[in-house]
Amino acid sequence: MGSDIGGIEAGSAQAINALPEEALRNPTGFQRSFFSSELSTTPDLQRVVDATVLISEAPQSPGGSGVIIRYDGKKYLVTAAHVISTTARDDKIVRYFYRDSNGALQEKTLNREELLFFGPTAEGNGFQPADLVIIPFDGDNEGVEMSDLEMEIGRDADQVGAAIGFPFSFYPVWEKSTKPLISVGNMYKDSKDAVAPSERETIDRYVRLTGKEWQDLRVFYEGRIDMGNSGGPLVDGRGRVLAICNGTTHGGWLEDSGTYRFVDFRPVLRDIVQEAA
């Protein structure tokens, strides 16, 4: 597997470069690489790095990613539902690891009874189904503020984005530091009409049963992603969190580049908070 500026080969434990600031303005030439978050010098991006968590059985083991979000005076852990389902095989306890305000690694256990939103059961609770999990977070990490809902993602692939997480194939790079890696690329929305037949069935059923309008939560990212990035945040060039990773659409997990699907969790978190108020 090749790489370009600042990149690494899968399975290599060698150090990688910091993300150049110009990559957040123009990702051309940087899209096939992962970059070290330890060497990040962009304050806005560093805040998201500090709020990114590893979801795994142990801190040195590959698993999934997540992010701690601040919204309406409270903090929440947001990740992908399939990360929780995969990590919890055979009824195992789901653990996640985060950095506290002093930079020390801390461990917490995900309490299933505290789930505010779980994608597979969301429709039964009157919420739009999505590959999301949202739970309260009360640990010593300030998290990152949820971006303004008025900030929209365009339908042209010319908006710069950065994906943060713990890529599976590159865990020898982050296993000692337990700090995520960063990739850059372009993000965009697709046409509301561009949905698979199975998704159309889900949309029609939800609208019919709830009488609510379907929200298009899909965000697409063209850049470098690997298994383990699932649940990790996607941010714009100013470090504002917009979505979390949930899968691949074109290319593959082990490809140098491809098109990957993310979920805009912001409307869901807003609706959950409003419902509980």
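Rules used in this analysis
- Residues numbered from 1 in each chain as written.
- Predicted model: local features only at pLDDT ≥ 70, side-chain atom pairs only at ≥ 80, totals over all residues.
- Heavy atoms only, no water.
- Helix = DSSP H or I, 4+ residues; strand = E, 2+ residues; numbered from the N terminus.
- Buried < 20%, exposed > 50% of the residue type's maximum accessible area, 1.4 Å probe, protein only.
- Contact = heavy atoms within 4.5 Å.
- Areas by Shrake-Rupley, 256 points an atom, 1.4 Å probe, with all protein chains shown as cover.
- Salt bridge = Lys/Arg side-chain N within 4 Å of Asp/Glu carboxyl O.
- Core = buried A, V, L, I, M, F, W, Y, C linked by side-chain atoms within 4.5 Å.
- Phe/Tyr/Trp six-rings, centres within 6.5 Å; stacked < 30°, edge-to-face > 60°.
- Lys NZ or Arg CZ within 6 Å of the ring centre and 35° of its normal.
- Pairing = 2+ DSSP bridges.

(A) Representation of the overall build of the protein. The helix and strand tally for the protein stands at five helices and 15 strands. Counting every position in the protein, which comprises 277 residues, the buried fraction comes to 52%. Across the protein, every contact between residues at least 6 apart in sequence was considered, and the portion connecting residues at least 24 apart equals 69%. Of the roughly 12,500 Å² of accessible surface on the protein, a fraction of 45% belongs to carbon and sulfur atoms.

(B) Representation of the pattern of salt bridges. Throughout the structure, instances matching the rule amount to nine salt bridges. For Arg47, the salt bridge identified is with Asp44, shortest N-O distance 2.3 Å. Linking Arg47 with Asp44, this pair stays in helix H1 (residues 43-51), spanning three residues, or about one helical turn. Across the salt bridge formed by Asp236 and Arg240, the nearest N and O atoms sit 2.7 Å from each other. Given a relative accessible area of 29%, Arg240 falls into the partly exposed group. Each of Arg70, Glu142 and Glu145 takes part in salt bridges that share partners, so that together they form one network.

(C) A look at the nonpolar core. Among the nonpolar cores identified, the biggest contains 51 residues, and Ile69, Tyr96, Phe117, Leu132, Phe265 and Leu269 are the most heavily contacted of them. The residues contacting Tyr96, other than those within four sequence positions of it, are Val53, Leu54, Ile55, Leu77, Gln106, Glu107, Lys108, Thr109, Leu110, Ile135 and Phe137. Counting residues in hydrophobic clusters, the runner-up holds 13 residues, among them Ala163, Tyr221, Leu242 and Cys245.

(D) Quick look at the environment of Leu54. Structurally, Leu54 is set in strand E2 (residues 52-55). Here Leu54 falls in the buried class, since its relative accessible area comes to 0%. Separated by 13 residues in the primary sequence, Leu54 and Val67 have C-alpha atoms spaced 8.8 Å apart. Excluding residues that lie within four positions of it along the chain, Leu54 makes contacts with Pro59, Ser61, Gly63, Gly64, Arg95, Tyr96, Phe97, Phe166, Trp174 and Thr178.

(E) Geometry of the packing of aromatic side chains. All told, the structure shown has nine aromatic pairs when counted by the stated rule. Their ring planes at 65° and their centres at 4.8 Å tell us that Phe34 and Phe170 sit as a pair that is edge-to-face. Residue Phe34 is located in the segment before strand E1 (35-36), and its partner Phe170 is located in the loop between strand E10 (159-165) and helix H3 (171-174); the two are separated by 136 residues in the primary sequence. As far as the burial class goes, Phe34 and Phe170 line up, both buried. Aromatic rings pair up to connect Tyr96, Tyr98 and Phe137 into one cluster. Looking at Lys212, its charged tip hangs above the ring of Phe127, at a distance of 5.8 Å from the centre.

(F) Region of the structure containing the pairing of strand E13 (residues 233-236). Side chains of E13 alternate between two faces, with Pro233 and Val235 and Leu234 and Asp236 buried alike. The sheet contact formed by E10 and E13 spans three bridges and is antiparallel. The residue bridging Gly161 from the neighbouring strand is Asp236, located in E13.

(G) Representation of the environment of Gly231. With respect to the helices and strands, the residue Gly231 is situated in the loop between strand E12 (218-223) and E13. Overall, the relative accessible area of 0% leaves Gly231 in the buried class. Between the alpha carbons of Gly231 and Ile244 there is a distance of 5.2 Å; along the sequence they are 13 residues apart. Not counting residues within four places of it along the chain, the set of residues in contact with Gly231 comprises Ser65, Gly66, Val67, Val78, Thr79, Ala80, Val83, Ile244 and Cys245.

(H) Broad picture of unusual backbone geometry. Of note in the backbone geometry, Asp72 takes a positive phi value of approximately 55° without being a glycine. Relative to the assigned elements, Asp72 resides in the loop between strand E3 (64-71) and strand E4 (74-79). The backbone of Thr178 shows a phi angle near 50°, a positive value even though the residue is not glycine. Among the secondary structure elements, Thr178 is positioned in the loop between H3 and strand E11 (181-188). What makes Thr178 buried here is its relative accessible area of 6%.

(I) Just the pairing of E4, in detail. As judged from the five bridges shared by E3 and E4, these two strands associate in the antiparallel manner. Each residue of the ladder has a partner; that of Tyr71, found in E4, is Lys74. Counting the residues between successive antiparallel strands, the hairpin from E3 to E4 contains two residues, one of them, Asp72, with a positive phi of roughly 55°. In this structure, E4 lies alongside strand E8 (residues 133-136), joined through four bridges in antiparallel fashion. Residue pairing in the sheet places Thr79 in a bridge with Val133 of E8.

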